[in-house]
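# Examining the three-dimensional arrangement
Next come the chains, spelled out residue by residue.
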Amino acid sequence: MKKILGLFIGCAMLFSACNPGDFGDINVNPTAVSSVPNSALLTNSLQQLPGTAFPGTAGNRHSADMYVQYISEGPYPGSSLYSDQNFDWSLHYTGPLYNLQTIIANANSGSPLAEAGVNGSKDNQVAVARILKAYFFWWLTDRYGDIPYSEALKGDGNFSPKYDAQKDIYYDLFKELKEAAAQIKTGEVGVKGDQFLDGDMAQWKKFANTTRLLMSLRLMKNDNAKGKAEMADAITSGVISSNAENVFYRFLSSDPNNFNPWYDNYTTSLRNDYAISTVMTSYMAPKNDLRLPVYGEVLSGRVVGLDYGLNTAKNIPGAYSRIGDKFRGAGSPALVYSYAQVLFTFAEAAKQGWIAGGDALASTHYANAIKASLETYGVYSAPTYATYMGNADVTYNAATALEQIMTQKWVHLYLNGFEAWSDWRRTGFPMLTPAINGNIPTIPRRMGYPTNEKSINGKSYTEAVARQGADNLTTRIWWDK
Amino acid sequence: MKKLLQSLFLLLFIAFQAFAQERTVTGTVTAQEDGLPLPGVSVKVKGGTEGTSTGADGRFSLRIPSGASTLVFTYIGFRTMESSVPSSNNLNVSLVTDATLLSEVIVTALGETRERKSLGYSVQEVKGENLTVAKSMDISSSLAGKIAGVQLQGSPSSTFDNANIIIRGIGGLDVSNPLYIVDGTPTLQENVMMDNVESISVLKGPAATALYGNRAGAGVIVITSKKGSRTGAPRIDVNLSSSLEDISLLPSYQNQYAGGYSSNSTSPGSTYDSEGFYLFKYKSSTHPTSWAAFNNQRIIDYGADESWGPKMDGQPYRPYYSWYPGADFGKLESLTPQPNNIMDFFEVGKSFNNSIAVSGGSEDITYRLSYNNLSRSLVLPGANRNQHQIGFNGSYGINSKLTVSTDIGYTTRNTKGQPTEGYNLDGLNVTQNFSQWFQRQLDMNKLRNYRNPDGSLNSWNIGDPNSTGDPSIYLQPQYWDSPFFIAEQNYGTDIRNRFVGNMGFKYKINDIFNVTSFVRMNLNEGKGNFKVANGGLQVPSYETMQLSNNEMNYEATLNFKKGFNNISLDGFIGGNIRTNKADQLTNRTTGGLTFPNFFDISASVTRPFTQTIYSAKEVRSIFGKASFGYKAFLYLDATLRNDWSSALPVANNSYLYPSVSTSIVFSELLKGGIKDIISFGKLRAAFAQVGSDLNPYQVDIAIDNGNIYGSNPSAGIGNQFRTGAVLPALTNSIEVGTEIRFLKDRIGFDLTYYVDNNINQILGLNVAPASGFTTAQINAGNIQRKGWELAITGTPVRNKNFIWSSAFSFAKTESLVKELAEGLDTYLYGTQRNDFRIENQVGQPWGQAIGRLPKLDAQGKTVYTSTAGTLDYTINNNLGSVMPDFTGGLFNSMSYKGIDLTFSMDFQKGGQFYSLTKMYGDGTGLTALTVQNNDKGNPERMFPSLGGGVHITGVTRTGAPVDTYIAARRHYYTNGQRDTRNYLIDASYLKLREVRLGYTIPRSLLGNLKVNSANIGVMVNNAWLISAPAKEFGFDPSELEVFWREGGQLSSTRTFGLNLRVGL
């Protein structure tokens, strides 16, 4: 008996002697990558880029397209009635922003994950990541106003980052974009994993400068001096200067994981919930705007708009024009920045005296912008353009020029709701009537913070609300005051 | 099925021949105590194989070989008795109550059988026959109401899904379900053959489960299967049942108004006529000239998947099918209610559940071989399952020292058309269609013919003929295909093969020591596919899936047992190595199929989706236990276990935890007359600690594989922050209780109180996403779970003809979030639409429902966003916990002469769930609630401009008074969704779950048939939802998809069946 007991204890000792805590690499997942190079992080971050300028319906981001009344809702009016008050942002902070932050950290720490041969030169990696980071932050702050910025993206360094004042964020973003553009080394290997600008570092410079140009305009109401200075500097640094330089995000018609979001919505998910609005059609149709049959589906020879802002339920297919095929093909690209957009910006800046030239130059930029827009949508021809420019309310008129510029810019920015909404907030143009059955009597001027911020980042949230104003759709953000 | 029956009868026949005997002994068995007959007493020939059991009248009749001379009578709770057979062949015996009745043995952790009185913690047991009263097909629902502290998390009775249970409420931030063990081998509950179950012990708290280590935190269901008997005659048990199943509960649909959107408008306008009909307006520029005659015909909004249309009063109108080319084109039909349309869709389900078992043994051998076939079709057309199970267990004493044993079970199961559950946008959940998005006037028989003569599909949900005369456009379905097309053409198949088994050695060293060693395996292999057919709204697709998950356990224990005078000492030390491996491969076509209904991955139009999931884990353990007993009075147990888990960080992967428990049988101290009142009494107390680990691959921050873009790989940083240094978590548990029985055990109470503190849990706590992560994995928090459980068992009536025994259980449990982590006071558990979510908040009971409430001004007036009457609302309102206040059940069995009646009930008080079905059913005008009159006496659905509408009063945001009538849909759809309370439903219920009425066929009627017992019965499963606030909305709260929410709840069904049990 003792022998047996001894044997058993012996076995137990043997068991402990062979280190029962050593499991080799059992706990390494063979079906997940264990580390990710910067190029793959960049690809991943860029996959979220079109959601900003071509929002689709994910995360209720189509609300912006509703605010500027590009599209109307059929059976389930909701977003167009301003029913969404709170919008999540976790996708952007934890997705592209943190990935971009990781790219910078990898490159700066000399990690093998940032190795130049497969990722592009270190400076170029960092520069592109900084530019994109600034771009996403810009887009976020324009939606909400004050947001976590200086203390954000620090992981366990700070799980409850404070919200920064929008002014501070803007100032820092200008600096970031400027520094990052300067960091670009066109002579070195461009970034890899870049399905957006294909590693063309000169284009990245222009992207950064164009971002700064568009940002500067936001300060029209509130901070003229800074806005003017940044605009002048951005222009000098070089912005998009022809339609050939338009930047598109290309979706892949061959790959369901990279489909156009409107294709996903209409065709994959079979949601026929959205149609072009009568606000668009009634402005464009009387002028025989050749962009209209591109913007909306042609039904029995015409584009049929759906009334905007009503609470009545309507079925769309066959009855109202869905958005046009050029915007909702599986591989239809998203226009992110365009030459026309830059020219409209110039026109506005000239008209407002931010850049030289006054009405004369404003008028030229305006006419060229419309031409560039028609070209962008593939409907330009000299005679039709001339006819179009001859429309009474299209012909440049110094007295109503700002409205004309902004209204034409709005037409051009079709389905880039966020940009058009910011323009509207700054200038009040185009003239829009709030949704008749809207939950609030006015068009929203910001989006509400994510529903759960109050519980998971309560102190910072409360502080931000105290500074900025109530967390609703009507509080004006800093540059809108 | 027919074949199976044939073979069963053949077996019966052979049995009758094989066991023909030579003389017949008859007699009656009674209890000495009261002289009443004892049914079910086992009567066996000593040293032989023949045996029977007594009938309800205590009588038996047994043919024995001429050489046999002694019979052995055994009955639980009585002393075994041997009696020699007199020459008269008539033998009456009376059995004596066993004083050690209360030393009834019970199976505890690691399969150890213990005397119940020696346990220092609560264990409750259910005998097999009480589990399968109405042939319930899964263990979880068969336990409902029978064990105190078990909360059923059912699944809809109209699916094949197994239910789940929660034991003692929720101990962590997330919900976990118990571990299922069959004869020592961990397995899935689906692998258990219900007719094989001898008994189930439910180990509830950490003190009972400590020896199972970390994965038993949510309790353990220890299943003991029936074994062959060493002394018994070979036995054949046949258990046949067939049953029919039908829908028992549907939402209360309204049957007055047809489909459409007209009740969304305040006036007819130019769109509708005054009755709410949509009108066809002929336009020469749009429509064929032949349609001019249709001008001003009444149509409805076919594209609406809602029922806010005109009243159904038999008016002539154009149904959807009158727009399809063919004989019906252009025809008017009268608009009439179809109150049974949903019922007409469903079929009567049928099931056959048959088993046969052969068991027996001799001095050295026991064996039991069993087979079960379950074949079931659901109420959903086209859904069926066929399952075969074969089981074998046996033991063989090779010599006086060494015994080998095995217990294996093989299950093969083929399922077609498992119903789709939940809220989906793919149109595959037809119940969601019927109860959330439908038109009430639809005739199901019309939908049945979903193919047009040209082979294309039709749908009730077509477009608007006003907009175009082109049928290829207006016939395009808007949101829904025919439900019959979905059920018949869009379905999955699933094949599962599972093996569970063990092989064990037991070597007796001497009278004190023995060694046991087992290898146990649990293998699950499956493959399945899902087809979405061409022609419908969905992009056609084909998906295949293969999975395999295996668990191996290798264990060895050295056991000892020794008694000295009044002291007994026993225990063991042992070790276990467990490995778990799982992998899964999924392939799915994308972008469509190259040829119509060519279901193959190679038919993928674009690059197919493919995914492999793999996981592996190993846990190594050593453990030991020592039990000490003094007289039959004082017992003390102590256990110690150390685990090493591969899933933890290497530096922290070893953890040790103890438990101690004690039991004091105070009734041993009682003397004299009081013993007649208190027949047994015991106090118990236990402390235990249980450590727990992680799932595999969760130590370091994950890399999330992204979607490759062209040739650019894509990946991102995972959303959970991890330090790589997480520690094992610990649960501390204290449990005290008492068991008291009175009046010679006619009534007994078992009361338990427990407090668990789950400290230093491994939490994925929500953090501000701006940090770059949505959650952070940390060790923190304290979730305190406490509660009490009461089980009452009794025999209210027991006399010569009538025996009634009853068991009542009751439990109250509360899980309180005591603390989370520094600076964090909220853990997000789950979210649903419209700002609804479940949060665990510090200082609050587990599971707070957070949602919307209408905004009120300072005077308490309802605020509207404008005078148009859309409700204003606030978010983040706490609407109370979703957990129940208490749960329980009642089990009853009665027998009167040969008739027996058994039924079980269960109940839950409190708790709530969020219902999307109610939200959309009300919102789309499908439910009876949406047909009401306003204060003018007019239907709310009438246009407000004509005197209808819903009367609302309040103020606008700027304080202007609101006093108006709004369109009904705005009230029920738009405003309804702004008050979460409308769809947060009380989950209380009282339910009669199963009933069986049986008749034991008297031996006299069986004549010369060599049948030991035969019982025929009728049974009802899911018998009657007696009372539940959710009932009027069509829900049985014990069958929810998820206990706190449902998104497209499938219907409840009731099953009626016939059951025949024959013992040979």
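Residues numbered from 1 in each chain as written. Chains lettered and ligands numbered in written order. Predicted model: local features only at pLDDT ≥ 70, side-chain atom pairs only at ≥ 80, totals over all residues. Heavy atoms only, no water.

## Description of the overall build of chain B
Counting its secondary structure elements, chain B contains 13 helices and 55 strands. Since a compact globule built from 1064 residues should have a radius of gyration of about 31 Å, the 33 Å found for chain B is in line with a globular shape. Considering only residue pairs separated by 6 or more positions, chain B has 68% of its internal contacts joining residues 24 or more positions apart. Here chain B displays about 40,400 Å² of accessible surface, and carbon together with sulfur accounts for 55% of that area. Of the side chains in chain B, 94 bear a positive and 89 a negative charge, and the two mean positions are spaced by 5 Å. (Helix = DSSP H or I, 4+ residues; strand = E, 2+ residues; numbered from the N terminus. Rg over C-alpha atoms; globule rule 2.2 N^0.38 Å. Contact = heavy atoms within 4.5 Å. Areas by Shrake-Rupley, 256 points an atom, 1.4 Å probe, with all protein chains shown as cover. Lys, Arg positive; Asp, Glu negative; His and termini not counted. Charge placed at Lys NZ, Arg CZ, Asp CG, Glu CD.)

## Here's the deal with the overall build of chain A
When its secondary structure is counted, chain A shows 21 helices and eight strands. A compact globule built from 481 residues should have a C-alpha radius of gyration of about 23 Å, and chain A, at 26 Å, falls within 12% of that. Structurally, chain A occupies a C-alpha span of about 110 × 50 × 50 Å along its principal axes. Residues counted as buried form 63% of the 481 residues belonging to chain A. (Buried < 20%, exposed > 50% of the residue type's maximum accessible area, 1.4 Å probe, protein only.)

## Here's the deal with unusual backbone geometry
For the bond from F429 of chain A to P430 of chain A, the omega torsion is -5°, close enough to zero to count as cis. Along the chain, P430 of chain A turns up in the loop between α19 (417-427) and α20 (453-456). A positive phi angle, close to 45°, is found at S300 of chain A, a residue other than glycine. On the secondary structure map, S300 of chain A appears in the loop between β6 (298-299) and β7 (302-303). Although it is not a glycine, D745 of chain B adopts a positive phi angle of roughly 65°. Relative to the assigned elements, D745 of chain B resides in the loop between β37 (729-742) and β38 (747-766).

## Looking at the packing of aromatic side chains
The description of an aromatic ring pair rests on the distance of the ring centres and on the angle between the ring planes. Within the structure shown, the criterion is met by 86 aromatic pairs over all chains. With a centroid separation of 6.0 Å and 65° between ring planes, the pair formed by Y249 of chain A and Y709 of chain B is classed as edge-to-face. Residue Y249 of chain A is located in strand β4 (residues 247-249), and its partner Y709 of chain B is located in the loop between β34 (703-705) and β35 (715-717); the two belong to separate chains. Grouped by ring-pair contacts, the aromatic residues W89, Y93, F137, Y144, Y149, Y163, Y449 and Y461 of chain A constitute a single cluster. Directly above the aromatic system of F518 of chain B lies the positively charged group of R520 of chain B, at a separation of 4.2 Å from the ring centroid. Of note, R969 of chain B hangs over the ring of Y973 of chain B, and the distance from its end group to the ring centre comes to 4.3 Å. (Phe/Tyr/Trp six-rings, centres within 6.5 Å; stacked < 30°, edge-to-face > 60°. Lys NZ or Arg CZ within 6 Å of the ring centre and 35° of its normal.)

## Description of helix α16 (residues 358-376) of chain A
Residues and elements named next belong to chain A. A rise of 1.5 Å per residue sets the reference length of α16, with its 19 residues, at 27 Å; its end C-alpha atoms lie 26 Å apart and thus fit the reference within 8%. Within α16, the full set of buried residues consists of A362, H365, Y366, A367, A369, I370, A372, S373, L374 and T376. Looking at the buried side of α16, the elements it contacts are β8 (334-337), α15 (339-351), α17 (382-389) and α18 (401-412). A positive backbone phi angle near 75° is found at G378, which sits one or two residues after α16. (Expected span 1.5 Å × (residues − 1).)

## Overview of the pattern of salt bridges
Side chains that differ in charge, positive against negative, can pair when their charged atoms come close. Tallied over the entire structure, the rule returns 69 salt bridges over all chains. Look at the salt bridges and you will find they share partners, linking R168, K204, K682, R684, E735, E739, D750 and E789 of chain B into a network. (Salt bridge = Lys/Arg side-chain N within 4 Å of Asp/Glu carboxyl O.)

## Some words on the sheet that holds strand β4 (residues 59-64) of chain B
All names here are of chain B. Here three strands make up an open sheet; going across it, the order is β4-β1-β7 and the pairing mixed. A strand with exactly one partner marks an edge of an open sheet, and here the two such strands are β4 and β7 (93-95). Taken pair by pair, the neighbouring strands of this sheet meet at an average axis angle of 35°, ignoring direction. In this sheet, β4 lies alongside strand β1 (residues 23-31) in antiparallel orientation, the contact comprising six bridges. Paired with T28 across the two strands is R59, which belongs to β4. (Pairing = 2+ DSSP bridges. Axes fitted to C-alpha atoms, helices over the stretch in contact; angles between N-to-C directions.)

## Some words on the interface of chain B and chain A
Taken together, the contact pairs 93 residues of chain B with 87 residues of chain A. Summing both sides of the interface, chain B and chain A together bury roughly 7,300 Å²; the carbon and sulfur share of this comes to 58%. Sorting the residues of chain B by area buried against chain A places Y479, Y709 and A770 of chain B first, and these three jointly supply 10% of that buried surface. Linking chain B with chain A are zero salt bridges, by the criterion used here. Applying the counting rule to chain B against chain A returns 32 residue pairs in polar contact (both at pLDDT 80 or more). (Buried area = accessible area lost by both parts, 1.4 Å probe. Polar contact = N/O pair within 3.5 Å; in protein donor to acceptor, adjacent residues only side chain to side chain.)

## What to know about the confidence of the model for chain B
When pLDDT is averaged along chain B, the result is 89; 97% of the residues meet or exceed 70. Under a pLDDT of 50 for its full length, residues 4-21 of chain B has, in the predicted model, 22 contacts with residues more than four places off or in other chains. (pLDDT = per-residue confidence, 0-100.)

## A look at the environment of G74 of chain A
Residue and element names in this part refer to chain A. Examined against the element boundaries, G74 turns out to sit in the loop between β1 (71-73) and α5 (90-108). Put simply, G74 and A313 are 239 residues apart on the chain and 5.6 Å apart in space, counted from C-alpha to C-alpha. Excluding anything up to four places from it in sequence, G74 contacts D273, L306, T312, A313, K314 and I316.

## Points about helix α2 (residues 38-46) of chain A
Among the nine residues of α2 of chain A, nine are classified as buried, and the element is accordingly described as predominantly covered. Every buried residue belonging to α2 of chain A is among N38, S39, A40, L41, L42, T43, N44, S45 and L46 of chain A, and all of these are buried.

## Considerations on the nonpolar core
Y93, F196, W204, F207, Y295 and Y414 of chain A are the most contacted members of the largest nonpolar core, which totals 161 residues. If you tally residues by element for this core, the top one is helix α7 (residues 122-144) of chain A, at 14 residues. Among all residues touching F207 of chain A, those that are not within four sequence positions of it are I131, Y135, F196, L197, V247, V336 and Y337 of chain A. Listed in part, the 73 residues of the second largest apolar core include F277, Y278, L378 and Y983 of chain B. (Core = buried A, V, L, I, M, F, W, Y, C linked by side-chain atoms within 4.5 Å.)

## Brief notes about the packing of α15 of chain A against α16 of chain A
Residues and elements named next belong to chain A. In the contact formed by α15 and α16, the axes pass within 8 Å of each other and the chain directions differ by 165°. Considering the angle they form, α15 stands roughly antiparallel to α16. Remark: the crossing between α15 and α16 carries left-handed chirality. Within the contact between the two elements, α15 uses Y339, A340, L343, F344, F346, A347, A350 and K351 and α16 uses G358, D359, A362, H365, Y366, N368, A369, I370, A372 and S373. Among the residues making up the contact of α15 with α16, the classes are represented as twelve nonpolar, four polar and two charged. (Parallel < 35°, antiparallel > 145°, perpendicular 65-115°, else oblique. Left-handed = near helix turned anticlockwise from the far one by under 90°. Nonpolar A, V, L, I, M, F, W, Y, C, P; charged D, E, K, R; others polar.)

## A word on the environment of T610 of chain B
Tracing the backbone through its elements, the reader meets T610 of chain B in strand β30 (residues 604-630). Those residues in contact with T610 of chain B, other than ones at most four positions away along the chain, are L585, T586 and N587 of chain B.

## As for the sheet that holds strand β15 (residues 197-203) of chain B
All names here are of chain B. The strand order across the open sheet formed by five strands is β10-β15-β16-β13-β14, and the pairing between neighbours is mixed. Unpaired on one side and paired on the other, β10 (123-127) and β14 (185-187) mark the two borders of the sheet. The sheet shows a mean angle of 25° between the axes of neighbouring strands, direction not considered. As judged from the four bridges shared by strand β13 (residues 179-182) and strand β16 (residues 220-225), these two strands associate in the parallel manner. Along β16, the bridge assignment pairs V182 with I223.

## Regarding the side chain of S460 of chain A
Within the secondary structure layout, S460 of chain A lies in helix α21 (residues 458-468). Apart from the residues within four sequence positions on either side, S460 of chain A is in contact with S160, P161, K162 and Y163 of chain A.

## Some remarks on the side chain of T366 of chain B
Residue and element names in this part refer to chain B. With respect to the helices and strands, the residue T366 is situated in strand β23 (residues 365-377). The buried category is assigned to T366, whose relative accessible area is 11%. In this structure the side chain of T366 is engaged in a polar contact, spanning 2.9 Å, whose partner is the side chain of S395. Those residues in contact with T366 that lie beyond four places of it in its chain are G228, S229, R230, G360, G361, N393, G394 and S395.

## Remarks on the packing of α18 of chain A against α19 of chain A
Residue and element names in this part refer to chain A. α19 packs onto α18 with a crossing angle of 165° between their chain directions and a minimal axis gap of 10 Å. With respect to α19, the axis of α18 lies roughly antiparallel. Considering the relative orientation of α18 and α19, their crossing is left-handed. On the side of α18, the interface is formed by M406, K409 and W410, while α19 contributes A420, D423, R426 and T427.

## Remarks on a nonpolar patch on the surface
All names here are of chain B. Taken together, the side chains of Y896, I899, L997, Y999, L1005, I1016, V1018 and L1058 make up a nonpolar region of the molecular surface, amounting to roughly 730 Å² of accessible area. Those elements that provide at least two residues to the nonpolar patch are β52 (989-1000) and β53 (1013-1027). Locating Y999 in the fold gives a position in strand β52. Classification of Y999 as partly exposed rests on a relative accessible area of 35%. (Patch = residues over 30% accessible without salt bridge, like charges linked within 9 Å, V, L, I, M, F, W, Y side chains within 5 Å.)

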